[in-house]
Every structure is written in C-alpha cells, then in structure tokens.
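The chain contents come next:
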Amino acid sequence: MMLPLRQNMRELQLPSNGITLLEGPGYFGKDIRVVAQHWTTAFLSQGHTIHWIDGSNRFDPTRFFSSLQSRNCNIEDGLRRLYIGRGFTLHQLHALIMRVRHEVVLTKASMVVIDGIMAMFLDEQIKRFEARSILRHCLAMLQDVAIQCPVIVLDGQATSNIHRQLKQTMRPYLNHQLRATWEDKKHRKLKFSSTNGHVILDLNSKQTHEGIRQLQAFTSIDPIE
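This write-up is about the structure you can find in this document. Not measured: the values here are computed from a predicted model. (Residues numbered from 1 in each chain as written. Predicted model: local features only at pLDDT ≥ 70, side-chain atom pairs only at ≥ 80, totals over all residues. Heavy atoms only, no water.)

**Overview of the packing of aromatic side chains**
Here's step 1: Scanning all chains against the criterion turns up 4 aromatic pairs.
Here's step 2: Their ring planes at 80° and their centres at 4.6 Å tell us that Tyr27 and Phe28 sit as a pair that is edge-to-face.
Here's step 3: Chaining the aromatic ring pairs together yields one cluster made of Trp52, Phe59 and Phe64. (Phe/Tyr/Trp six-rings, centres within 6.5 Å; stacked < 30°, edge-to-face > 60°.)

**Considerations on unusual backbone geometry**
Here's step 1: A positive phi angle is found at Asn57, which is not glycine, with a value near 55°.
Here's step 2: In this structure, Asn57 sits in the loop between strand S4 (50-54) and helix H2 (65-70).
Here's step 3: Using a relative accessible area of 48% as the deciding quantity, one classes Asn57 as partly exposed.
Here's step 4: At Lys108, a residue that is not glycine, the phi angle is positive and equals roughly 55°.
Here's step 5: One can find Lys108 in the loop between helix H4 (90-107) and strand S6 (111-115).
Here's step 6: With a relative accessible area of 65%, Lys108 lands in the exposed category. (Helix = DSSP H or I, 4+ residues; strand = E, 2+ residues; numbered from the N terminus. Buried < 20%, exposed > 50% of the residue type's maximum accessible area, 1.4 Å probe, protein only.)

Given below as structure tokens:
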C-alpha cells in the first residue's frame with residue numbers, strides 16, 4: 001500500500017511503513033500539520049485506529065471535525081479511534097513513545113503521528129548529551145513501531161544550533177522526508193517540491209467544499225480492506 005500525494009510525483013509518496021519526517025514552516029511544523037490531520041481523518045473514516053502523540057501541547061480535536069464530516073464519518077465515532085497522548089515534558093514524551101510501541105500491537109493502528117517532536121528536546125534545562133541520547137532511544141523505538149505501521153514525525157525549520165544538531169541525529173533513522181515551504185505566506189499557500197515539479201496547497205480554502213475535496217485528493221490514501 002502507498003499513501004500517494006500525487007500519482008506522478010513519486011518523491012512525495014509516503015510508504016506504508018518506516019518513519020517519515022513531515023517538515024514545514026510554523027512552530028515545529030505547525031503549518032504542515034494539516035497534511036497529517038487529513039491522512040488521519042482518511043484512516044479514521046475507514047474505521048481504522050490512529051495514535052497521535054502531542055509533543056508541543058497544541059492538539060485540538062475540533063480541527064478534525066470538518067474533514068470527518070466531509071467524509072461522512074460520525075465525528076464522535078471517528079474520534080473514539082484516535083488515541084491521544086500528551087507529553088508536557090521531555091521525559092513524559094519519551095515514556096509515551098516507549099509505550100506506543102506496545103499499544104499499536106493491541107490497537108492494530110494504521111498510523112502513528114508524533115506532533116512537534118523537537119519542542120521538548122530544546123528545553124534549556126535538558127543537557128545536550130541527554131537530549132541526543134533520549135532522541136536516539138525514541139527514534140529506535142519508533143523504528144520498531146514503523147514495522148507495524150507508518151510513523152509520521154512533524155518538525156519545522158531549525159531554530160537554533162542545538163535544533164540543527166538534533167535534526168542531524170534524527171536523519172539516520174528516517175526512511176522518507178516530505179518538506180514544504182511558503183509559496184505565498186500572506187495567502188497561506190504551501191509549496192511541496194520534488195525533482196519532478198511541485199504541488200501547491202491552499203490552506204485558506206480548506207473550509208470550503210471544493211477546498212476540502214482538493215485537500216482530500218492531495219492527502220488521499222488507498223482504500224484498505
């Protein structure tokens with residue numbers, strides 16, 4: 001199974017397993033999160049389970065409402081299959097990632113999302129050696145999870161030297177990377193680039209019927225039996 005963004009842009013396809021870095025503008029990738037949200041609602045609308053670990057204290061369930069409704073999925077029923085974990089400290093985030101390795105076996109999850117993974121690692125009270133050590137352990141755990149289902153990790157552009165160093169620590173564990181930049185920040189248009197071209201995602205249109213339809217096509221997944 002593949003999770004295509006656009007059939008003719010293989011560089012932008014997400015594999016059915018492995019760890020994918022979803023990287024974009026905003027606070028630790030905040031503005032690219034809409035892509036992960038629509039993959040999530042696509043799975044939920046098919047009756048599948050998703051684990052979403054919030055590493056930046058920004059999860060808002062109402063952001064899933066319009067997408068679930070547009071897929072004729074009962075909101076309450078869909079969200080019941082969305083397992084949320086919130087890490088308010090680095091050690092809590094670490095514990096959640098360790099635990100999800102066992103939870104996906106029980107829930108038979110179709111995807112795991114780690115939202116804003118770097119936010120807690122940049123706490124000034126955390127020593128750099130400790131941060132790198134915990135990050136490696138988290139990613140090793142996520143590699144185990146990624147054998148069972150895709151793991152999507154959200155982050156933004158590096159904000160400091162330690163952030164850049166931690167991103168380098170992360171890269172050997174990644175199987176794929178999808179990166180977006182602003183095509184037009186004022187009009188909220190994100191540009192996803194590949195060697196074959198690019199795709200523009202208009203964030204302002206996502207609440208309209210046509211905007212939702214286009215976003216669903218952009219973030220479609222193959223039907224799962």
